[in-house]
Every structure is written in C-alpha cells, then in structure tokens.
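Secondary and tertiary structure notes
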Amino acid sequence: MAMASAAIDLLLGKIVSFLDDQLSLLGGVHDELEEIKRELIVMKAFLEDAERKGVLSEVEKTWVANVRDVSVDVEDFIDEFTYHINKQRSWSPFTRTFRKSLRFPKNLWERHRIATKLQKIIKIIKAIPERSLRYGVKRIEGVSYSHYDPDRLRILRESSLFLQDDEVVGIIDAKEKLVTMLLSSQAQRTVISVVGMGGSGKTTLVAKTFNGQTVKQHFDCCAWITVSQTYTVEDLLRVIMKELLRAVKEQIPVDLSDMSYSHLVEMLASYLKEKRYLIVLDDVWDINLWRKISAALPDGPHGSRVMLTTRKEDIASFPFGLGSYVHHVQPLNKSEAWHLFSMKAFFSCPNSCCPTELEHIARDLVDKCEGLPLGIVALGALMSTKSVLSEWMKVYSSLNWELCNNPRLEVVKSILLLSFNDLPYRLKHCFLYCCVFPEDYVIQCRRLIRLWIAEGFVEQVRGAKTEEIAESYMAELTCRCMLQVVEREPSGRAETFRMHDLLRELCISISEAETFCTIYNDQEPAKESKARRVSMQANSRALRNPKDISKVRTFFMFAAFSLNYLPSGFQLLRILDLEDVPIVELPDDIVNCFNLMYLNLRSTKVKELPKDIGKLSNLEMLNISNSKIRLLPVGILKLQKLHHLLMLHFNDQKLCSFDCLDGCTQAPPGICKLKRLQVLDTVKVEGELIEQLQSMTQLTRLGLANVREADEKDLCKALENMKLIEQLNVMTTDEDEVLRMDALAEGPPMLNTLFLTGKLERIPLWFHSLHNLSYLALLWSRVTHDFLPCIQELPNLTRLWLINAYTGDELVFRSGFRKLTELILLNFSQLSVIIIEKGVMPALKTLDIWECMQLKQIPRGIEHLTNLKQLTLLGVPNELIECIRGEGSMDNSKVKQIPNIGYCYKTRFGWSHGRTR
C-alpha cells in the first residue's frame, strides 16, 4: 500500500515534468494528461489515508493493485511518447524534413493512437472507484488486516523477561558492561541506550540485566515499560506508575486513568524524587518520547538510571545529559550462533549435536542469519521439523519465500517489517533499491546516490543540492540500522555498506510483491515479470530467453559473462549499469535507447564508445572510469543534458608510483559546449582544452591529467572563474614536470577536496584561503623546504595525504591541524625523524606510515595523540617495529593507548605481517 502511494507520487512528479518539457508537442492530449494527474492525486490521498490507519481488506488490496497497474500504464505512455520524440530528434535535419513530409498521414494517425490510448487509461482510472463503490470500498474502517499485531509483538518482547539463562547465548560480556554502568558511583541520573537492528537481542540483553538480583537490590524501585511505535504519553506514565506501585504492593490511585498529563508528571516526579530508581523504556522509536516524560523522571543525586532500547542511532546518541552511555549490540560470532541454532534445531539429538549429513547446509543457513539472534532462534525452530537433507536444501534455496509465508518465521518477518514500515515513502524506494545488488555485495555510497537520483527517488528541495538530500537519505537508513556500514570516511560519513542477509531476503520478497525489481540468479528459473528493474546476478540464459522485458527501465548485470547485445524490448531503458562486467564492446543498438539517462561502464573492458552516442540526447551520467576507453567520440558533444562524465583510470596497485593512472581519456575539441556538465573527472589535457575550461563555470568537480608548466596562466584563469568547484585534481605529464599554480590569487571558495600530483617548488600562497578544504593530497611534490606551516592552520582540514611530498629528513608538526583525523605519510625516502609537539593534531584517529625506510624510530610525541585509534606501519625498518613489539620493548609504553596497531616489515624469509594488538 505504501509502495503504491509512493509510486503514484513519483509518477505525478514525472507527469508534471513531462507536461512542462513536451508542452508544444502534446497537442490535443495535454488535457487528458491533466485529467489523469487530477485522478491520481485523489487516489494517492486514499492510499495515504489507508496507510495511516494500517488497514486493508482483500477488496481494498485489489483496489490498490488496480491503482498500481494503471500507474504503470500511464508511465508506459509517457516513456513511449518520450521515446518517439527522442527518436525523431536523433534524425539529421535533412532526414527529419524528408520523413516529416513523407509520413505526415502516419503522424496524424500516431497522434490519434496516442489520444485513444490516453482516453482508454482515463476510462480505466474512473472505473476503479466506481467498481470500488459497488463492492463497498467507501472509506477505511478500523479493522486491521495487516501482519502487524502490536499486542502480539509486545507479548513477544516482554517474554524476554522470563528467559532462562540456558536459553540465552553471547551476552555475558555485554551484560557485565551494562551492570557496571548501572551500579557505578555516578550520582546524577544516567541514561543508558542499547541500540541495534530489529531482532539483534537488545530486549533480551536488557531484560537479563534488569532481572539480575544485584541490580534489583541496588535500586529502591524498578519498572519495565514497552513503548513500541503506537503509544500515548499519558498511558505510558500511567503504566510506569502502576509498575512502581505494584512492585511495593501500594494502592493504585482510583482516578489514575482520569489524570491529565501534567497531573501524571507531577505525581510520578514526586514519587521518585527521593528514590534511586531504574526505569527501562523498551523499543523507543521517537525521541519526542524523552522530551515528554523526562520531567517525570527526577535528575537527583541518588544514582538513578534509565535504560532504553532502540533501532535508531539518532535516539541512542541524543544528548540525554551527564554520563549518558550508548551500547551497540554486536551480532553473535560464528561459534555462538552455531550453539544457539543447535539448541533449537537439534534439541532432540544427544547433546544437541547436528547430524553429519546436515552440518554443511545447516552452517550455511546459520551464516544467512549473520549473528541475528531472532533469526537464528526462529530458523532453528523451523528446521527442527525437518529431518531430510532435501527439505533443508529447499528451505535454503527459497528463504525469502519461507520468510514471508512460513508461520514459524512470521515473528522474524514482523520484527523486520516494523523497521521497513516506519520509513518515509521515499526511503522505502531507496531501501528496496539495495536488493538489486547481490548477496554480501559491498555497495559504494556514491554509486547508489547517483542511481537514486537517476530513478527520481530524491526529493527536490529549494536551496539544497540533490546529492546532499540523497546523502541524508543514506544517513537515515544507516542510522535506523537498516544498512550496515563497512567503511566510513574520516568525517564519519558512510563510504561503503552492505545489507544484512535476512533484511535483503525480506527486501527481495517485498520487491517481488510490488513488482519493483526482478532478480535473476542460478537458484530460481527465469519467470515472467512486469518489474521495471532487472538485476542479472548469475548466467546469461535468462537474458537470452527473456520472458517479458517490455517494461524494463533499469538493467543491472553482476555476472561474469560477456554481453554482446541487448534484447529489442530494452529500447525504453533509462538506466544501464554494467560495472565490473567483462564486456569488450557495447551492443550496436545501445544508441537506439533514446530514453537512456544513466550509463555505467566502470571497470569494463570496453575500448570505445559508439560513434553515434550523440543520439542518446537524454544521457545525464556517463561513467567510463577504469575502462579501456581512451578517446571520446565527437558525438559526445551532442549530449547537452550530460552533467556527470567520470573517466578516472586509477590503479591502486601503483599507489606508490607516480604513474598511478592507467592512461587518461582525451576529449574532443569543444568540450566546453556541454553547458550542463558539473563533473569532469579526469580528462587528458591536449590542444586548447584548458582555455576552453575558462567558460565552464558550472563545474563542481574537475580532474586534469597531462598538465604542463606552461599551462599555469590558462589553468589559473580557468580556476578563477570556477566559483562552484568543490573537488579539484591536477596531475602533471610526468614526475619531473613542475606544477605551477602561483598565478591564482585566491583559492576557489567552495573547494573541499584538492589533489595535486607533480613537482612543487613551493606551496602556492593561495593555500591560506582554502577555508573549506577538508581533504588535501600532495603527491610527488618533493618540496625541499618545511611546508607544514603553510597548511597547519587550515580550519577544516580532516584528511591529509602526503606521498613523496618532501625531500628533507625531518618532519616537525609544531602546531595546528586542529581537526585532522587521518594522516597518511607514504614514500619519504630521506625521512628519519618525525616530531609531533604536544597539542598538535588532537583529533587524529588514523596514522599510516608507508615506505619510509630511513625512519628507525616511532614519531616522537606520538603519546600525545590521545584519540589515535589506528597506527599502520608498512615498509619501515625492522628496528622501528621491534621498538614497539611486546610489553618490554623500548617504546611500547608510548603507543599503549592505541587500540589497533598493524605492521609489515621485511625479513630474510620475506615480508612479515602482524599486529601488536
């Protein structure tokens, strides 16, 4: 239901855009489209009303399905009409004139056909509510037909209070930490937040802590309250009061149910004022809850504690006051997960031992749960009824079906669905989109954000960049524990992430039900689908024998086979993502996909783009990074809607070498004609390219390779004009070419990322003006003087990469670098001493020192870096490593505050890797 409402909302936006863009061409069908838009607005209001009440009868479900189908028909019309117009625009002027005169009667017939089709759609739309009235869908009644049963889930949560110790696995250490916090000497009220994804064992952990005899004896009074998504603050206050009074067998006030909010707060605060209390708020979804009840929980000097469980990071990290503590629930490790599963699945076997013939498939099933206790327990209970290997194999191969249809897994589905149903509708689309990636796939945030934008999922907000809005969506999904962050940038922003397997299975099942996406893999045969999106994750058989692909608008491929053609039904394709697919050439008919907006060829083996690529007049994003394409065809200049052109060919295996690029791509003369281009990264400087850049004032990201010393004047003039530039990467022709940028008076005001590769005689004077710079990389600069004073006062610098940037033997960090969190020092051939004065780099978390073979001692003053979490030493002398290895080593005491230290050094037997902790 929510997905149908969201789909209509996106379609309405598409209709508005379509009406604006094609007004002169629509002729007599403009009014029909306006009428469709009005009908869809009414339908959307009905669906939103139903969504708020969380109800749908079978008749209403049919109504929603009809609405979804008709919205697909409208979208088909828009895409077909757009394709027809774009096809005509691709003709040459002579061809267009000739065909126009030759086919005039056919064009009249085509307009008549379009108008007739629209009239048919309108008739269908109007028939839906008329049919609904005949069968009683007049308004939404208050009877629930959904899977969500709040009472059942509340009982499930509170049953955790009565679990026996032998039923709980893997919480001993976490429980001890929480008990320590509860019993600490902190006199002020302390809030302890326990956060994790649904089913991770938050409630169980807190329940075992809450029920401990030591805890109960420490506090004067205790109360456990299950909050959940639907609550009224008055009822919660009444429940707290009742729990406290019942525990000491005191009389509950007769008029408690009639008391107002202010009266309840006053009474509860008075009761708790002189007591040391413990209140547990289980399953908190809204931070406003704390704002409403905190006044009833006195912040006195008695050592009171409040514990809460939540799925949301923003709630857990809320500034509750002095001494607040956040505990992130960790998944069970493999041993704990196997033990818990065995207790449930093999309880009838001696010592709960798994039969040998089932162990392999059983362990694979446990791995699917990724340490999620709820999933392990439910799956174990289900598999306890299966004794034959074929039955186990069937469950494994159809887990998403089992998750949605097997009553024994209903509790897992319900718990996970709570998180999904709580999402705003735009985030529902964004979350479902993640299932197009294969299991355990590490997803790049930047790639996904570009895809969301291309799909139209990201809201347009006045005064804000679309990318920033998309980043906020990403942050909210990770904050809600629905996506697992794999890597973070030093700023804390997610860089890569993945989906939990069980959430992905649920995501796939919802996606199939909503015809959102179809996934082809080796586990299931190809089947007919009306889905708009196809993700090919196995072999090419399904593509060679497509069932019905006429409605496909988005196509992903992840399987390792070559693609030499596209089925004819793909002509309406808008998004084509072939990243990492080993294709050598693009299908010839790709240039006939006139609606194509997004083309990703990153890390393919494609050597050239089609000469007629100019026919793709709607193309907005083209990524050929790390492909074999080294020359752009002249037709690229016809792509007037193109705003992203990504061409960086970076070889991370050559990080220590100047030649870290596997060549660079040359653009044709006249690249400045692309007036909407915002990202140009990275292009080979040839001919008059830099002069042409002077008119490209709209660029926000620019990468240049093959820059020469003589280009200084034109380059600086171009940069002076680029007031919007945020990311800049400049690389010289070779390591001996001097990079001159002194003619620039002031740095670009919006610049936040700067990579300079090439010999620098001095640090440009305009560096001092880079107030927004957060990421600086100086590569092969080989500066001969002390350059750190030139950059140490940059107010927002958080990442600093220095690769062969300095030829001296001593590097002294005297002051500044207040916000620096990451420092990489690589390939300093003469460096023998690093000195870090006290107070410098107070926020530093990561320090990497690579290929510094003259550095035989750890940086002096490293003990001052109290926030340092990671120290990595690669390619350094053995003496340096021996200074910090082992408790008795010479400098071990200076690095004892660093939790993670990794190293790699050379021995007579080869390279030795290790960690000191």
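Residues numbered from 1 in each chain as written. Predicted model: local features only at pLDDT ≥ 70, side-chain atom pairs only at ≥ 80, totals over all residues. Heavy atoms only, no water.

1. Some thoughts on the pairing of strand β22 (residues 799-803)
Spelled out, the test is: Summary of the burial criterion: residues with accessible area below 20% of their type's maximum are buried, those above 50% are exposed, and those between are partly exposed, where the area comes from a 1.4 Å probe applied to protein chains only. By the criteria applied, helices consist of DSSP H or I runs no shorter than four residues and strands consist of E runs no shorter than two, each listed in order from the N terminus.
Within β22, five of the five residues are buried, which leaves it mostly tucked inside the rest of the structure. Residue alternation in β22 divides its side chains into two sets, R799, W801 and I803 and L800 and L802, and both sets are buried.

2. Some details on the pairing of strand β7 (residues 484-488)
The test is simple: Paired strands are those between which DSSP finds at least two bridges.
Summarising the sheet, β7 and strand β8 (residues 494-498) pair through four bridges and their orientation is antiparallel. Across the sheet, the residue bridging to R488 is A494, located in β8. In this antiparallel pair of consecutive strands, β7 and β8, the connection spans five residues, and G492 shows a positive phi of 100°.

3. Thoughts on the pattern of salt bridges
Selection rule: Each reported salt bridge corresponds to a side-chain nitrogen of Lys or Arg within 4 Å of a carboxyl oxygen of Asp or Glu.
Within the structure shown, the criterion is met by 29 salt bridges. Measuring nitrogen to oxygen at the nearest pair gives 3.9 Å for the salt bridge that ties D501 to R498. Residue R498 is classed as buried on the basis of its relative accessible area, which comes to 15%. The shortest N-O distance in the salt bridge between E579 and R602 comes to 3.8 Å. Residue E579 is located in the loop between β12 (575-577) and β13 (598-600), and its partner R602 is located in the loop between β13 and β14 (621-623); the two are separated by 23 residues in the primary sequence. Overall, the relative accessible area of 30% leaves R602 in the partly exposed class. Connected via shared salt-bridge partners are K312, D422, E476 and R480.

4. Here we look at the packing of helix α20 (residues 410-421) against helix α24 (residues 501-513)
How we decide: Fitted lines through C-alpha atoms give the axes, limited to the stretch in contact for helices. The angle between two N-to-C directions lies from 0 to 180 degrees. Comment on the angle field: the value is read as roughly parallel under 35 degrees, roughly antiparallel over 145, roughly perpendicular from 65 to 115, and oblique elsewhere. Note on contacts: a residue pair qualifies if any of its non-hydrogen atoms lie within 4.5 Å across the two residues. All residues other than Ala, Val, Leu, Ile, Met, Phe, Trp, Tyr, Cys, Pro, Asp, Glu, Lys and Arg, Gly among them, are scored as polar; the first ten of these are nonpolar and the last four charged.
At a closest axis distance of 11 Å, the pairing of α20 and α24 adopts a crossing angle of 75°. Put simply, α20 runs roughly perpendicular to α24. Where α20 abuts α24, its residues V412, K413, L416, L417 and F420 lie against L502, L503, L506 and I510. Residue composition of the contact of α20 with α24, by class: eight nonpolar, no polar and one charged.

5. Concerning helix α27 (residues 712-721)
Which entries qualify depends on this criterion: Arc definition: directions from the helix axis to the C-beta atoms.
Along α27, the residues that are buried comprise E712, L715, C716, A718 and L719. Summarising the axial view, the buried residues of α27 lie within an arc of 160°, below the 170-degree limit, and thus occupy one face. Against α26 (689-693), β18 (701-707) and β19 (727-732) lie the buried residues of α27.

6. Brief notes about unusual backbone geometry
What you tend to see is this: most non-glycine residues have negative phi, and most peptide bonds are trans. For the peptide bond that leads from D681 to T682, omega is -5°, which places it in the cis range. The residue T682 is located in strand β17 (residues 679-684) in this model. The phi angle at N804 is positive, at roughly 45°, despite the residue not being glycine. Position of N804 among the secondary structure elements: in the loop between β22 and β23 (810-813). A positive phi angle is found at F817, which is not glycine, with a value near 55°. With respect to the element layout, F817 can be found in the loop between β23 and β24 (822-826). By relative accessible area, which is 2% here, F817 ends up buried.

7. Quick notes on the side chain of T700
In this structure, T700 sits in the loop between α26 and β18. According to the relative accessible area criterion, T700 is buried, its value standing at 18%. Setting aside anything within four residues of it in sequence, one finds T700 in contact with Q678, V679, L724, I725, E726 and Q727.

8. Quick look at helix α17 (residues 373-383)
A large share of α17 lies buried, amounting to nine of its eleven residues. For α17, the complete set of buried residues consists of P373, L374, G375, I376, A378, L379, G380, L382 and M383. On its buried face, α17 is in contact with α15 (334-345), α16 (359-369), α18 (389-397), α19 (399-405), α20 and α24.

9. Brief notes about the sheet that holds β7
Note: strands within a sheet are paired through backbone hydrogen bonds, in either parallel or antiparallel orientation. Spatially, the three strands line up as an open sheet ordered β6-β8-β7, and their pairing is antiparallel. Pairing within the sheet leaves two strands with one partner each, and these edge strands are β6 (443-444) and β7. Judged from the two bridges that link them, β6 and β8 form a sheet pairing that is antiparallel. When the sheet's bridge partners are listed, Q444 is paired in β8 with T496.

10. Some points on the confidence of the model for the chain
Low-confidence regions, as indicated by low pLDDT, have predicted coordinates that should not be scrutinised in detail. The condition is simple: Residue-level confidence of the predictor, termed pLDDT, takes values from 0 up to 100.
Across the chain, the average pLDDT comes to 83, with 81% of residues at or above 70. A low-confidence stretch, residues 101-106 (pLDDT under 50), is modelled with two contacts involving residues beyond four sequence positions or located in other chains. The low-confidence segment residues 139-148 (pLDDT under 50) makes 22 contacts with residues lying over four places distant or belonging to another chain.

11. As for the packing of aromatic side chains
Filter applied, for reference: When two rings of Phe, Tyr or Trp (its six-membered ring) have centres within 6.5 Å they constitute a pair, described as stacked for plane angles under 30 degrees, edge-to-face for angles over 60, and tilted for the intermediate range. Two conditions define a charge sitting above a ring: the NZ of Lys or the CZ of Arg must be within 6 Å of the ring centre, and it must be within 35 degrees of the ring normal.
The tally for this structure, following the rule as stated, stands at 24 aromatic pairs. Note on F437 and Y441: the rings are 5.4 Å apart at their centroids and 25° apart in plane angle, and the pair reads as stacked. Accessibility classification places F437 together with Y441 in one group, the buried group. When the ring centre of Y271 is taken as origin, the NZ or CZ atom of K275, which lies over that ring, is 4.1 Å away.

12. Section: the environment of L739
Along the polypeptide, L739 turns up in the loop between β19 and β20 (753-757). Taking the C-alpha atoms as reference points, L739 and G758, 19 residues apart in sequence, are found 5.6 Å from one another. Beyond its immediate stretch of four places on either side in the chain, L739 contacts V707, V730, T732, L756, T757, G758, K759 and L760.

13. Structural notes on a negative patch on the surface
Using the following cut-off: Each patch is built from residues lacking any salt bridge and having more than 30% relative accessible area; the joining distance is 9 Å for like charges and 5 Å for nonpolar side chains (Val, Leu, Ile, Met, Phe, Trp, Tyr). In short, Shrake-Rupley with a 1.4 Å probe defines the accessible areas, and a residue's cover is counted only from the protein chains shown. Positive charges are assigned to Lys and Arg, negative charges to Asp and Glu, while His and the chain termini are left out of the count. By convention, the charge on Lys lies at NZ, on Arg at CZ, on Asp at CG and on Glu at CD.
Together, E585, D588, D589 and E608 make up a negatively charged patch on the protein surface. Its location among the elements puts D588 in the loop between β12 and β13.

14. Structural notes on the sheet that holds strand β5 (residues 325-328)
As summarised here, the arrangement of the five strands in space is β2-β3-β4-β1-β5, forming an open sheet in which the pairing is parallel. Bordering the open sheet on either side are β2 (221-226) and β5, each of which pairs with just one other strand. For this sheet the average axis-to-axis angle between neighbouring strands, irrespective of direction, equals 15°. Sheet strands in contact with helix α8 (residues 172-182) are β1 (190-195), β3 (277-284), β4 (305-310) and β5, and its direction is about 170° off that of β5.

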